[in-house]
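# Chains, contacts and geometry: an overview
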Amino acid sequence: MMNPAKTEAPVENPPGTWPLIWLILLGSFWVKCAAYFSVPFLSVFLSRNTSLPLPMIGLVVGLQPLAAFAGGFLGGHFSDSSRKRILLISLTGSTLTYLGFFLASQYLASSANAGLYFALLNLSAGWFASFFWPATQALLGDLTAEQQRPRLYRYRYVIANIGGGLGPVLGVALGLATAPTAFLATAAIYAALLVLLLSCPFPIDATLARQGARPVRSLRESFDVLRRDRPLRWLLLSAILFGSAYAQIESNLSQFLYREFSDGVQFFSLLIMLNAIGVIALQPLAALLESRLSASITMSVGTAVFCTGCLVIAALPGHKEAIALGILIITLGEVLVVPTLSVLIDQIAPEDMRGTYFGAATLRQLGPASGPFMGGIVLGGLGPVALFIFMAMLGGLSILFVRLSANRGASEHA
């Protein structure tokens, strides 16, 4: 349900906020770049260095977004009291977790309980990383006028994807990919960001204080957000299905390429870079479509494009050219879907619950949490063609639910 009590946002941002906005955007870049030194290669690392079967590897990889679901909701909920405190917890916990990954990869990878150790660490990584995203999204909303938010959410998405694209390429170029030192490099970057935030002279919670934020609601009251807001529930179900399909790009695609091609790890890093370049290059087209279509139609069109890319790869899974073309088409769908979701969440959220709503939106992480495990079963049992058809089918269901969300929202405000 759209919030009728939301106040009209000022045209101008509060003075002195642009340096903090740029700090958030650059922090988003470095967090994504640091994580992608290791996260996309975790499946291959576990395959090379442990005796875990393929579905179990998919389960371990999927635990990070599963933890991100619960962590993101709580982080967003408590960030409505203090954005800075939540960011400090996120960066400290992430630093310690990736240091733990490094130590486990050095001393515990060959043990009988290796699966348990890496599962717990991946849960921790998802938990602490998830605090960062709803808090920074809500903070961007605090600092910017309503008319500027769609553009800033798109900037944040693009900058984070540049970091996500550079991370794997730098990891391969520096010899870090699938190596224990990747985890150590990630921990070092998180630690550097923590120091930067601690020394930040900008009052991060000043705008929140000016809004007169009241004490944090009870968790039960925050959970009522989902019970009351039916358009939000349909929207999040659509995002879960899309996330489950897209999760194959960051998990089982690397497994498939590693087994199909002799240079599969290097080819995968190039595909991730192609995705990042595509995110930048396709922005003018995405902005043009966004200006002419409603947000819900934009998401539906983007998901349909994503499905088309999956089917291109399914048609020719043994040809690198077809895989690269499919990834480029998938990227166009991605740039239409992901930033638009943030815009819709911001439109739905009351001013004093922006962090809670963005935290509730982490329910979509159930998709990336379940996707690698389900995809691992499909890939291991039926092969790559079935995997990419499976992705397209999930995308089709996602379109259905985003349309239900739009129709429900329209009927409630008729």
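Here's what I pulled together on the structure shown here. (Residues numbered from 1 in each chain as written. Predicted model: local features only at pLDDT ≥ 70, side-chain atom pairs only at ≥ 80, totals over all residues. Heavy atoms only, no water.)

### Here's the deal with the packing of aromatic side chains
In the structure shown here, the tally under the stated rule is 14 aromatic pairs. When the centroid spacing of 4.9 Å and the interplanar angle of 55° are considered together, the rings of phenylalanine 242 and phenylalanine 306 count as tilted. Taken together, the residues span a long stretch of sequence, with phenylalanine 242 in helix α10 (residues 230–246) and phenylalanine 306 in helix α14 (residues 295–315) at a distance of 64 residues. Where tyrosine 246 meets phenylalanine 306, the ring centres are 6.3 Å apart and the plane angle is 40°; that geometry is what we call tilted. With tyrosine 246 in helix α10 and phenylalanine 306 in helix α14, this residue pair connects regions lying 60 residues apart in the sequence. A relative accessible area of 14% places tyrosine 246 in the buried class. An aromatic cluster is built from Tyr98, Phe101, Phe118, Phe183 and Tyr190, whose rings are joined through pairwise contacts. The ring of phenylalanine 261 is capped by lysine 320, whose NZ or CZ atom sits 5.3 Å from the centre of that ring. (Phe/Tyr/Trp six-rings, centres within 6.5 Å; stacked < 30°, edge-to-face > 60°. Helix = DSSP H or I, 4+ residues; strand = E, 2+ residues; numbered from the N terminus. Buried < 20%, exposed > 50% of the residue type's maximum accessible area, 1.4 Å probe, protein only. Lys NZ or Arg CZ within 6 Å of the ring centre and 35° of its normal.)

### Considerations on the nonpolar core
In this structure, Leu253, Leu257, Ile323 and Ile345 are the most contacted members of the largest nonpolar core, which totals 65 residues. Aside from chain neighbours lying at most four places away, what touches isoleucine 345 is Leu232, Leu235, Leu236, Tyr357, Phe358 and Ala361. Counting 36 residues, the second largest nonpolar core, distinct from the first, contains Phe37, Leu46, Ala114 and Phe132. (Core = buried A, V, L, I, M, F, W, Y, C linked by side-chain atoms within 4.5 Å. Contact = heavy atoms within 4.5 Å.)

### Description of helix α17 (residues 366–382)
Between its first and last C-alpha, α17 extends 23 Å over 17 residues, near the 24 Å set by a 1.5 Å rise per residue. At proline 372, α17 is bent by approximately 25°, the largest bend along its length. Along α17, the residues classified as buried are Gly367, Pro368, Ala369, Gly371, Pro372, Gly375, Gly376, Val378 and Leu379. Looking one or two residues beyond α17, the residue adopting positive phi is glycine 383, at roughly 100°. (Expected span 1.5 Å × (residues − 1). Bend = angle between axes of the 7 residues up to and from the residue.)

### Topic: the state of the cysteines
Considering all chains together, one arrives at 0 disulfides under this definition. A disulfide-free cysteine, cysteine 310 has its sulfur positioned 6.2 Å from the sulfur of cysteine 307, the nearest such atom. (Disulfide = S-S within 2.5 Å.)

### A closer look at the packing of helix α4 (residues 83–107) against helix α5 (residues 114–143)
For the pair α4 and α5, interaxial distance at closest approach is 8 Å and the crossing angle is 155°. The orientation of α4 relative to α5 falls into the category roughly antiparallel. In the crossing of α4 with α5, the sense of the turn from one axis to the other is left-handed. When the residues that make up the contact of α4 with α5 are grouped by side-chain class, the tally is 17 nonpolar, 9 polar and 2 charged. (Axes fitted to C-alpha atoms, helices over the stretch in contact; angles between N-to-C directions. Parallel < 35°, antiparallel > 145°, perpendicular 65-115°, else oblique. Left-handed = near helix turned anticlockwise from the far one by under 90°. Nonpolar A, V, L, I, M, F, W, Y, C, P; charged D, E, K, R; others polar.)

### A short note on the side chain of arginine 154
With respect to the secondary-structure elements, arginine 154 resides in helix α6 (residues 149–173). Ignoring anything within four residues of it in the chain, the contact list for arginine 154 reads Gln283, Ala286, Glu290, Val335, Pro339 and Thr340.

### Some thoughts on the environment of glycine 376
Considering the arrangement of structural elements, one finds glycine 376 in helix α17. Between the alpha carbons of glycine 376 and leucine 387 there is a distance of 8.5 Å; along the sequence they are 11 residues apart. Beyond its immediate stretch of four places on either side in the chain, glycine 376 contacts Leu54 and Asn252.

### Quick look at the environment of proline 40
Structurally, proline 40 can be placed in the loop between α1 (18–35) and α2 (42–49). The class for proline 40 is buried, based on a relative accessible area of 1%. Sequence separation of proline 40 and serine 251 is 211 residues, and the distance between their C-alpha atoms is 6.4 Å. Sequence-distant contacts of proline 40, defined by excluding residues within four places in its chain, comprise Ala35, Pro168, Glu250, Ser254 and Phe268.

### Some details on the side chain of serine 94
Note that serine 94 resides in helix α4. Within polar-contact distance, the side chain of serine 94 engages the backbone oxygen of serine 90 at 2.9 Å. Dropping the residues within four chain positions of it, serine 94 is found in contact with Phe128, Ala129 and Tyr190. (Polar contact = N/O pair within 3.5 Å; in protein donor to acceptor, adjacent residues only side chain to side chain.)

### A word on the packing of α4 against helix α7 (residues 181–198)
Two numbers describe how α4 lies on α7: the axes approach to 8 Å, and their chain directions differ by 160°. On the basis of the axis angle, α4 is roughly antiparallel to α7. Once α4 is placed against α7, the crossing between them reads as left-handed. Together, Lys84, Leu87, Leu88, Leu91, Thr92, Ser94, Thr95, Tyr98, Leu99, Phe101, Phe102 and Ser105 of α4 and Thr181, Phe183, Leu184, Thr186, Ala187, Tyr190, Ala191, Leu193, Leu194, Leu197 and Leu198 of α7 make up the contact between the two elements. Its residues assigned to classes, the contact of α4 with α7 shows 16 nonpolar, 6 polar and 1 charged.

From the geometry alone we can't say anything about function, so treat these as descriptive.
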